[in-house]
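The residues making up each chain are set out below.
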Amino acid sequence: MRLKTMTAVLLATAALLPSCKTTEANYREAYEKTVAARNADQALDSTIYGAHRRQMTATTVETADGAVEVRVQLVRVAEGGGGIPENLKRFNVVVGQFKQIFNARSLRNRIADKGYPGAFVVETSEPFYFVVAASYDDATEASRALELFKDKGVITMKEPCPFILDATARRRQTTSPKK
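Rules used throughout
Residues numbered from 1 in each chain as written. Predicted model: local features only at pLDDT ≥ 70, side-chain atom pairs only at ≥ 80, totals over all residues. Heavy atoms only, no water. Core = buried A, V, L, I, M, F, W, Y, C linked by side-chain atoms within 4.5 Å. Buried < 20%, exposed > 50% of the residue type's maximum accessible area, 1.4 Å probe, protein only. Helix = DSSP H or I, 4+ residues; strand = E, 2+ residues; numbered from the N terminus. Expected span 1.5 Å × (residues − 1). Contact = heavy atoms within 4.5 Å. Polar contact = N/O pair within 3.5 Å; in protein donor to acceptor, adjacent residues only side chain to side chain. Salt bridge = Lys/Arg side-chain N within 4 Å of Asp/Glu carboxyl O. Pairing = 2+ DSSP bridges. Axes fitted to C-alpha atoms, helices over the stretch in contact; angles between N-to-C directions. Arc of directions from axis to C-beta.

(A) Quick peek at the nonpolar core. Within the largest apolar cluster, 25 residues are counted, with the highest numbers of intra-cluster contacts made by Phe 91, Val 95, Ile 111, Phe 149, Ile 155 and Ile 164. Here this core takes five residues from helix α5 (residues 139-152), the largest share from any one element.

(B) Molecular detail of α5. For α5, which comprises 14 residues, the first-to-last C-alpha distance of 20 Å matches the rise-based estimate of 20 Å (1.5 Å per residue) to within 8%. Residues of α5 that are buried: Ala 139, Thr 140, Ala 142, Ser 143, Ala 145, Leu 146 and Phe 149. At its buried positions, α5 is contacted by β1 (57-63), β2 (66-72), β4 (91-98), α4 (101-113), β6 (129-136) and β7 (163-166). Its side-chain oxygen placed 3.2 Å from the backbone nitrogen of Thr 140, Asp 138 serves as the N-cap of α5.

(C) Quick peek at the pattern of salt bridges. Across all of its chains, the model carries five salt bridges by this definition. With its nearest N and O atoms 3.4 Å apart, the salt bridge here joins Glu 147 to Lys 150. Of this pair, Glu 147 and Lys 150 both sit in helix α5, three residues apart, roughly one helical turn. Note on Glu 147: relative accessible area 37%, which makes it partly exposed.

(D) Up close: the pairing of β2. With seven bridges connecting them, β1 and β2 associate as antiparallel partners. By the bridge assignment for β2, Thr 60 is matched with Glu 69. In sequence, β1 turns back onto β2 through a hairpin of two residues. Where β2 meets β7, three bridges bridge the pair, whose relative direction is parallel. Bridged to Val 70 within β7 is Ile 164.

(E) Representation of the environment of Asn 92 within the structure. Mapped onto the elements of the fold, Asn 92 is located in strand β4. In terms of polar contacts, Asn 92 uses its side chain to reach the side chain of Ser 135, at 2.4 Å.

(F) View of the pairing of β7. Burial along β7 is two-sided: the face carrying Phe 163 and Leu 165 and the face carrying Ile 164 and Asp 166 are both buried. Relative to β7, β4 runs antiparallel, the two being bridged by four bridges. Bridge pairing in β7 links Val 94 to Phe 163.

(G) Spotlight on the sheet that holds β7. One open sheet accounts for seven strands, arranged β1-β2-β7-β4-β6-β5-β3; its pairing is mixed. A single partner strand is all that each edge strand has here, and the edge strands are β1 and β3 (76-77). Here seven bridges tie β4 to β6, and the two strands are oriented antiparallel to one another. Bridged to Gly 96 within β6 is Val 131. Here α4 sits on the sheet in contact with β4, β5 (120-123) and β6, set at roughly 35° to β6. Packing against the sheet, α5 makes contact with β1, β2, β4, β6 and β7, and its axis sits at approximately 45° to β4.

(H) Looking closely at α4. When the terminal C-alpha atoms of α4 are compared, their 18 Å separation across 13 residues agrees well with the 18 Å that a helix rising 1.5 Å per residue should span. If you check which residues of α4 are buried, you get Ile 101, Ala 104, Leu 107, Arg 108, Ile 111 and Ala 112. Within α4, the buried residues cover an arc of 135° as seen down the axis, which keeps them to one side. Exposed and oriented more than 90 degrees from the buried face of α4 are Phe 102 and Asp 113. Next to the buried residues of α4 lie β4, β5, β6 and α5. Gly 115 sits one or two positions beyond α4 and adopts a positive phi of about 110°.

Encoded structure:
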C-alpha cells in the first residue's frame, strides 16, 4: 500500500516538473511586464510626480565662478532621512530623486559611505524625495560642490541629477515649533 502511494506521488511530481521549466512563453511574459513597467515610467509626466516636476522652476544665479542653473522647489527634511531642519540651507546639491523614501534612504546611505556623511533626504508635499549630498548658504559653494561630486563619479546618476536645488521656501518644519 505504501509503495503504491509513493509511486503515485512520484508520478504526480514528475508530471508537474515540466511546468517549472523556462519556456519561450515565460520569457515573453517577463518581457511584456518589463515593457509595461518602462512605459509606466515614461507616463510619469501624467501623474502627480510629473506635476511636481512641472512645478519646479529653474532660474539662473550668478556665482563667483559664473552663472549656474538652480531649480526652485518647496521642500522639507524628510523624517528618517538622515537630517534635521537646520541641515537644510538655501542651496542644495541634489544627486537623486525618487517616488519611494526607501530608495532615497538607500542612496543617501550609499553616498554617506562614500564620503558624504552629511547627506540627507528632503521631500515635497506630494511626496517626492530628493537626496541632498551637501547643503550651502552660498550658491558659489554649492556650484563647486556639484562639480566636485560629478568629477569624483561617486555614483551613476539619471537625468536631471545632479542639480542645485534652491530651497528658499523650505521652512515648513517636520516638527512642531518649540515654545
